[in-house]
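# Summary of the model geometry
Given next are the chains, with one letter for each unit.
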Amino acid sequence: MTKELYLDPNKLRAKGVAKFKDIPLNQYQKRMKDVLEEYSKEQLKNIFTDMLTIREFETMMQDLRLTGKYNDVAYDYSGPAHLGIGQESVAVGQAFLLDRDDAVFGTHRSHAELIAKGFSALRKLSDKDLEEIMEASCEGAQYDVVKEHFDFDSKEMAKRFYLYGIMAEIFGRKNGFAKGLGNSMHAFFIPFGVYPNNAIVGGSAPIATGAALYKKNAKQKGIIVANAGDGSLGCGPVWESMTFASMDQYHTLWEEGYKGGLPILFNFNNNGYGMGGQTHGETMAYDVLARIGAGINPDQMHAERVDGFNVFAVIDAMRRKKKLLEEGKGPALLDVITYRLCGHSTSDANPNRTQEEIHAWEEQDAIADYEKQLISNKIVTKKQAQQMRDDVRDMILSVFKLAIDEQVSPRMDLLAQPDSIERYMYSNEHMPKMREGEPEVWGSKEDNPRVQRLQKKSRNGVKDGKKLPSTAVVQIRDAIFESILDKYYEDPTLVSFGEDLRIWGSAYGTYKDLDKSVPYHRLFNSPISESAIVGASVGYAMMGGRALPELMYCDFLGRAGDEVLNQLAKWQGMTAGQIKMPVVLRMGVGAKYGAQHSQDWSSLCAHVPGLKIVFPVTPYDAKGLLNSALSGTDPVIYLESQSLYGMGELFHEGGVPEGYYEIPIGEPDVKRKGSDLTILTIGGTLYKALEAADIFEKEYGVSVEVIDARSIVPFNFEKVMASVKKTGMLMIASDACQKGSIVNDFAQNVTSALFNYLDAPPVVLGARNWITPVYELEDAFFPQADWFLDAYHQKIKPLAGYTPGRSFSTAEMDRRNKLGV
């Protein structure tokens, strides 16, 4: 929704046809004899060496899984081994022109891309730069081993350093590039431009898209390559990513200096199979994968099919696509024909393929063909070619022996150092700006019309003991706005995107008037593509930026489940803290709109390690916690109750400060003091608990202490423990469905720690385990004030003269559990 673009009904309703360009298929047919003047002898030999290295590396992995040894050296490796034997020329051709400024994101089958891109990058670096990189990597963990056992020139030492770091990682050793926490499917080495590979099919596509967005906004050199297999085109996030990367607004709305498409190449390694399903003729319908580009944008993503068995064809295509991307004409798409001679994994005996088919492709083997060309063109002799094979095998074997040596390459000792993994889950850094420099904004903050309007409103929701009308006060939505606006004027990397943010101001007005101060390239509307929204934020953060994406409803988490639960949450841990993840994902917790728009899914997020989760429900807390989240380097799920956006500040003395302040994540807040009963609330149930506290005290003489959790993960129990020691009774409430809720976990923590202080077991109140009903029936679904009294009366202590309106008896709980409701 934007005012700048006019939808002309006469043009849109006019008769006509949409024209498509022809899609080039395997147009490049040159062989080595045709390109001898384009390549040096050293380059031609390097291509061969790199293909041999990849083949031997994967042969090692295959032998270990199938026979338990490699070159008669026994080793029990039971980890993943998704190999791409036969696809080496694709990876080497792709990497040939790339350097450390170009970033490659791969799949679970990425040993070839790892090695090819790393070798290409290191050859282009000076000896001094290589030395610095190797010394800095994991404080010299890999280089110290390599220096002790090898003596070669810098480039050869760097190759062994790199292979050792990869192998140690795959075999789960502390000297791996991620200290053994990543394994085969997640390997990486950022100093060479090799970003984490992804175990989820198509998982790198949205992340790479976000990385390209960062490069574009930061005006950095280089391009992004998103590698995927042909089977990934059955994945929604891949389509969402291509759409996100191709948005018209990059050309129509973004400011001068930022116009142009994202510098990303979607590179599909088309080997004809997903896992076991054959994409051509069975599971897909595109016939020619490259035709997909025609469905994305008018440029058809400059799509073409390339013969991946001809390394020169791949290099030629990469040269042309790289130029397009550097000129702002991206994104681009390559359909690279290849074939894996092995199964999906080493446990795959190829029941879906005929031996005739496999043998036919073996006869096309790119390595054997390339070797013949080297010899026939007198680049090397047959004897020299064999020596190159022997040298590669010796290099792999010698590095392999070091990587499996328990003394040279130990594993983490989780008994001696039990925090070895947890120390990497969160960075817990305070970093107000992710990069130095002046943020690009329009005018001063004081010029913003919303800032000027807020100057006329009360920053306190109460005056002379009376609650002020919401129109007269700074509301929760305003507090969120102030925090975001402040950060835009501080951190030059901050971007925010989601559905209907710009102009419309988001569904509930938190972004309203931000467009008056923030340029398009920092605040823009995205497609309705939740996977791409979150995944792009992950990639943007990986490259060094800060992202503030929004999902309109937390119910839409299901559309971005992988990106939140598998990607956002895990990359800090899987990279041993080398990657920071300063992403704050705002999600509204709804009401009034029924089963698919009114669910509190905070407990789903809390179940997944690696996410920080906050749920403020007052303006003071909303601003302070968002300030903290936006000044940290960890992924934060920031939940907002949509029914409370108009709430003013009722608790903090002085109201919502106009200036900057932070509230530490994980610290609950006592909103009402009491002595007989402790109520801990998560989210909007705070206000229902306060209503109940008034009734408890006025009608039954029960003094209630109400504590607002504010955060879910992490959570400091000290205030809750102190309160329970005083009162001896605890109720915990949330709008999330009770079954499997985090409130049960909170209750268990308190019970195990304070069993002797409790006069009764903690009582948990959550929403009913139903689908969320229509608005008119919500009082029977979400916890209400009288629920607290009903539950207290039946499960803690009878209230004199009280008649409960609903049953919380053990018999009723048993009945519900038997029915699953």
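Residues numbered from 1 in each chain as written. Predicted model: local features only at pLDDT ≥ 70, side-chain atom pairs only at ≥ 80, totals over all residues. Heavy atoms only, no water.

Taking an unreviewed UniProt entry as the reference, the protein is identified by name as Acetoin dehydrogenase E1 component alpha-subunit belonging to Christensenella hongkongensis. On record in UniProt, under Cofactor (unreviewed entry), the comment for the protein is "thiamine diphosphate". Check the Catalytic activity (unreviewed entry) section of the UniProt entry for the protein; it says "N(6)-[(R)-lipoyl]-L-lysyl-[protein] + 2-oxoglutarate + H(+) = N(6)-[(R)-S(8)-succinyldihydrolipoyl]-L-lysyl-[protein] + CO2". (UniProt positions renumbered as here; feature names shortened; annotations may be inferred.)

Let's shift gears to the overall build of the protein. Scanning the protein from N- to C-terminus turns up 27 helices and 21 strands. A compact globule built from 821 residues should have a C-alpha radius of gyration of about 28 Å, and the protein, at 30 Å, falls within 12% of that. With the C-alpha coordinates of the protein rotated into their principal frame, the extents come out at 100 × 70 × 50 Å. Here the protein, with 821 residues, has 59% of them falling under the buried criterion. Across the protein, contacts joining residues at least 24 apart in sequence account for 78% of those joining residues at least 6 apart. Mean positive and mean negative side-chain charge positions of the protein (93 and 109 charges, respectively) differ by 3 Å. (Helix = DSSP H or I, 4+ residues; strand = E, 2+ residues; numbered from the N terminus. Rg over C-alpha atoms; globule rule 2.2 N^0.38 Å. Buried < 20%, exposed > 50% of the residue type's maximum accessible area, 1.4 Å probe, protein only. Contact = heavy atoms within 4.5 Å. Lys, Arg positive; Asp, Glu negative; His and termini not counted. Charge placed at Lys NZ, Arg CZ, Asp CG, Glu CD.)

This part is about the pattern of salt bridges. Evaluation of the coordinates by the stated rule reveals 48 salt bridges. Overlapping salt bridges, with partners in common, bring together D621, D669, K671, D708 and R710 in one network. (Salt bridge = Lys/Arg side-chain N within 4 Å of Asp/Glu carboxyl O.)

Here the focus is the packing of helix α14 (residues 366-376) against helix α15 (residues 382-404). With their axes 9 Å apart at the nearest point, α14 and α15 run at an angle of 140° to one another. Relative to α15, α14 is oriented oblique. At the point where α14 passes α15, the crossing takes the right-handed sense. Contacts from I367, E371 and I375 of α14 reach α15 at K382, A385 and R389. (Axes fitted to C-alpha atoms, helices over the stretch in contact; angles between N-to-C directions. Parallel < 35°, antiparallel > 145°, perpendicular 65-115°, else oblique. Left-handed = near helix turned anticlockwise from the far one by under 90°.)

The next thing to look at is helix α27 (residues 810-819). Buried within α27 are the following residues: E812, M813 and R816. Each buried residue of α27 lies within a common arc of 100° when the element is viewed along its axis, so the set occupies one face. Across α27 from its buried face, at more than 90 degrees, point the exposed residues T810, A811, N817 and K818. Downstream of α27 by one or two residues, G820 has phi in the positive range, about 75°. (Arc of directions from axis to C-beta.)

Right, let's get into the domain arrangement of the protein. Splitting the protein by domain gives domain 1 (32-406), domain 2 (445-641) and domain 3 (671-819). On a C-alpha basis, the centres of domain 1 and domain 2 stand 36 Å from each other. Contacts between domain 1 and domain 2 engage 37 residues on the former and 34 residues on the latter. Together domain 1 and domain 2 conceal approximately 2900 Å² of surface at their shared face, both sides included; 71% is due to carbon and sulfur atoms. By the criterion of area lost to domain 2, the three top residues of domain 1 are Y214, E240 and F244, representing 21% of everything that side buries. At the boundary of domain 1 and domain 2, one finds ten residue pairs in polar contact (both at pLDDT 80 or more). Mapped by element, the contributors of at least two residues to the side of domain 1 that touches domain 2 are α8 (204-218) and α9 (236-245). A per-element tally of the side of domain 1 that touches domain 2 places α8 first, with eight residues. In terms of residue class, the side of domain 1 that touches domain 2 is built from 22 nonpolar, eleven polar and four charged. (Domains from an automatic or database assignment. Buried area = accessible area lost by both parts, 1.4 Å probe. Polar contact = N/O pair within 3.5 Å; in protein donor to acceptor, adjacent residues only side chain to side chain. Nonpolar A, V, L, I, M, F, W, Y, C, P; charged D, E, K, R; others polar.)

This next bit is on the nonpolar core. Residues M242, I637, L677, F696 and M731 are the most contacted members of the largest nonpolar core, which totals 157 residues. Of the residues forming this core, the biggest block, eight residues, is contributed by helix α18 (residues 530-542). Once residues within four sequence positions are removed from consideration, I637 is found in contact with V564, L568, L585, M587, C605, L611, K612, I613 and V614. Of all hydrophobic cores here, the second largest spans 96 residues; its members include Y28, L163, A187 and L341. (Core = buried A, V, L, I, M, F, W, Y, C linked by side-chain atoms within 4.5 Å.)

Scanning the entire structure with this criterion turns up 42 aromatic pairs. When the ring of Y700 is compared with that of Y802, the centres are 5.8 Å apart and the planes differ by 85°; the resulting orientation is edge-to-face. Of this pair, Y700 sits in helix α23 (residues 685-700) while Y802 sits in the loop between α26 (785-795) and α27, and the two are 102 residues apart along the sequence. Overall, the relative accessible area of 15% leaves Y802 in the buried class. Taken together, the ring pairs connect F119, Y143, F161, Y162, F177, F189 and F192 into an aromatic cluster. The cationic tip of R160 hangs over the ring face of F150; the distance from NZ or CZ to the ring centre is 5.8 Å. Note that K671 overlies the ring of F651, its terminal NZ or CZ placed 5.7 Å from the centroid. (Phe/Tyr/Trp six-rings, centres within 6.5 Å; stacked < 30°, edge-to-face > 60°. Lys NZ or Arg CZ within 6 Å of the ring centre and 35° of its normal.)

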